[in-house]
Amino acid sequence: MAGMPCRIEDTAPAARRPSAPLPAALAWIDDELDALRDAGLERPARVREGRQAGEVCLDGRTLVNFGSNDYLGLAGDVRLTKAASKGACAEGFGAGASPLVSGHSRAHDALERAIAGLLDVEAALVFPSGYAANTATIAALAGPDDFIASDACNHASIIDGCRLARARVGVYPHRDLAALDTLLGGARDARRRLIVSDTLFSMDGTIAPLGGLCELARRHDAIVLVDEAHATGVFGDRGSGLVEETGTADGVHVRVGTLSKALGAAGGFVAGNAAFIHWLRHKARAWMFSTAHPPAVAAAATRAIALVAQEPMRRLELRERAADFAGRLRHSGLDVGGAEAQIVPVVMGSPRAAVALSEKLLGEELFVPAIRPPSVPSHKSLVRVSLSWLHERHDLTRLAEALATHAR
Ligand SMILES: *Cc1c(COP(=O)(O)O)cnc(C)c1O
């Protein structure tokens, strides 16, 4: 129950050591921490206890949880736990090596087939995380002779992939196809041109113009890579994401996704042509040089993919409620930007305003995180509501009312 204390004694973390002065070589860190504090950018290290569901126990308080990407409510689902236990019993816990050497287990093989099946593509490759999938794949596809066009609101893992590629990078304003057209027109001399975009943007809940991206790619002879991290499991008839939802599978060459959000497990994936995936096994450094994630995790993710197929009502109800909720906030005069999915921002402007709102909501047992730099530009700081299928209708009503009171 929201508001009830929830500390579980025997799993409580040990008290932290009081902090000693920093050695002289690291003394500058104190100044940086002071600067972060002064700018309203310091982050608490919260401790979560127990299974997460529509509610979460954070630092000993039970809160309605609007701060998780567990969109379908699978992260705490006992069926995933059971699949993981069974997987661990069959194959042990650790993967032991990178997939390239001996870490690629039966469970990983089954998971890659399940992902390819869900997305209706030839093949998939599983990475330790979505972050690793993006950085490794972008750096494999592009190098110093190439040009990458990247949406200004792309996820950090895409930005880091571009840096790792050491390619020439052109950042186009959020979803601005005309600007993208111009950028690509100026990159004819590049060996390859790569367009990279989130499909559902994680900070503002907007959707990329996928048809437009594919059309420009055709005209400019470019590769299209999209990141479905927040759309996998939520959009499309089969639940495979926005590429399916928008019918753009023919124009999108590479799909990246994560098993850690709506699918409630962990790990990232890349999916596409079999030859492309086979090539990636020779070029994607985070796959080649990082230990495979545990086979038990792969077993849980495979179970989650089966549940996406068996329980479509989770994504359908989630999307219906998200549309209602965003409509309600707009009606109260709040700035929810262009939100069109289960991520609903309330744009506050300064980091301090966003933190103040988040704290007021916390006072009503509503956990809605403040999003600040470096996740968004400072003047676009916001609180981000992430909806889950597990939320009760009255939780949404309570949050909408609290926002209408405190956010203006
Ligand atoms: C979360 C996220 C990732 C990273 O996925 P992980 O599995 O959490 O590492 C990649 N891209 C986007 C858009 C994300 O939101």
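Bear in mind that the values here come from a model prediction, so they are computed numbers and not experimental data.

J.: Got a sec to walk through the site of the ligand? Specific residues and values, please.
T.: Near the ligand you find 15 residues, and of these G130, D227, H230, T258 and K261 are the closest. Within the backbone of Y131, an N or O atom sits 2.9 Å from an oxygen atom of the ligand. Within the side chain of D227, a nitrogen or oxygen atom sits 2.5 Å from a nitrogen atom of the ligand. Broken down by element, the residue count for the shell around the ligand peaks at three residues, all from helix α5 (residues 130–141). Classifying every residue of the shell around the ligand gives two nonpolar, 10 polar and three charged.

J.: For the state of the cysteines, give the residues involved together with the corresponding values.
T.: Going through the model one piece at a time under the given rule, you end up with zero disulfides. There is no disulfide at C162, and the cysteine sulfur nearest it, in C153, is 14 Å away. Relative accessible area serves as the criterion here: at 5%, C162 is assigned to the buried category.

J.: Go over the pattern of salt bridges, please, and point to the residues and values.
T.: A complete count under the given rule lists 19 salt bridges for this structure. Measuring nitrogen to oxygen at the nearest pair gives 2.9 Å for the salt bridge that ties R79 to D77. Between D189 and R168 there is a salt bridge, with its nearest N and O atoms 3.6 Å apart. Placement of D189 in the loop between α7 (177–185) and β7 (193–198) and of R168 in strand β6 (residues 168–172) is noted, with a sequence separation of 21 residues between them. Given a relative accessible area of 65%, D189 falls into the exposed group. Connected via shared salt-bridge partners are D77, R79, E311 and R314.

J.: Account for the layout of surface pockets, with residues named and values stated.
T.: Quantified by volume, the largest pocket comes out at close to 720 Å³. Surrounding the largest pocket, 32 residues form its lining, S202, M203, I371, S375 and V376 being those nearest its centre. Contributions of two or more residues to the lining of the largest pocket are made by α6 (156–165), β11 (343–349) and β14 (381–386). Among the elements that line the lining of the largest pocket, the one with the most residues is β14, at three residues.

J.: Describe the domain arrangement of the protein, naming the residues involved and giving the relevant values.
T.: According to the domain assignment, the protein consists of domain 1 (44–68 + 313–406) and domain 2 (78–310). Relative placement of domain 1 and domain 2: their C-alpha centres are 26 Å apart. When the two sides are added together, the surface that domain 1 and domain 2 hide from each other amounts to roughly 1,500 Å², 48% of it contributed by carbon and sulfur. For the pair domain 1 and domain 2, the number of links is two salt bridges. The partner of E340 in a salt bridge is R175, with the nearest N and O atoms 3.1 Å apart. Remark: the boundary between domain 1 and domain 2 carries 11 residue pairs in polar contact (both at pLDDT 80 or more). Ranked by residues supplied to the side of domain 1 that touches domain 2, first place goes to helix α13 (residues 312–331) with four residues.

J.: Go over the packing of α5 against helix α10 (residues 274–283), please, and point to the residues and values.
T.: Running from N to C, α5 and α10 cross one another at 100°; their axes reach a closest spacing of 10 Å. The angle between α5 and α10 falls in the class roughly perpendicular. Here T137, A140 and L141 of α5 lie close against α10, whose contacting residues are F276, W279, L280 and K283. For the contact of α5 with α10, the residue count by class is five nonpolar, one polar and one charged.

Conventions we followed
Residues numbered from 1 in each chain as written. Predicted model: local features only at pLDDT ≥ 70, side-chain atom pairs only at ≥ 80, totals over all residues. Heavy atoms only, no water. Near = heavy atom within 4 Å. Polar contact = N/O pair within 3.5 Å; in protein donor to acceptor, adjacent residues only side chain to side chain. Helix = DSSP H or I, 4+ residues; strand = E, 2+ residues; numbered from the N terminus. Nonpolar A, V, L, I, M, F, W, Y, C, P; charged D, E, K, R; others polar. Disulfide = S-S within 2.5 Å. Buried < 20%, exposed > 50% of the residue type's maximum accessible area, 1.4 Å probe, protein only. Salt bridge = Lys/Arg side-chain N within 4 Å of Asp/Glu carboxyl O. 1 Å grid on protein atoms, 1.4 Å probe; cavity = no way out; pocket = protein on both sides within 12 Å on 5 of 7 lines; lining within 4 Å. Points joined across faces, edges and corners; volume = space filled by probe spheres on them. Domains from an automatic or database assignment. Buried area = accessible area lost by both parts, 1.4 Å probe. Axes fitted to C-alpha atoms, helices over the stretch in contact; angles between N-to-C directions. Parallel < 35°, antiparallel > 145°, perpendicular 65-115°, else oblique. Contact = heavy atoms within 4.5 Å.

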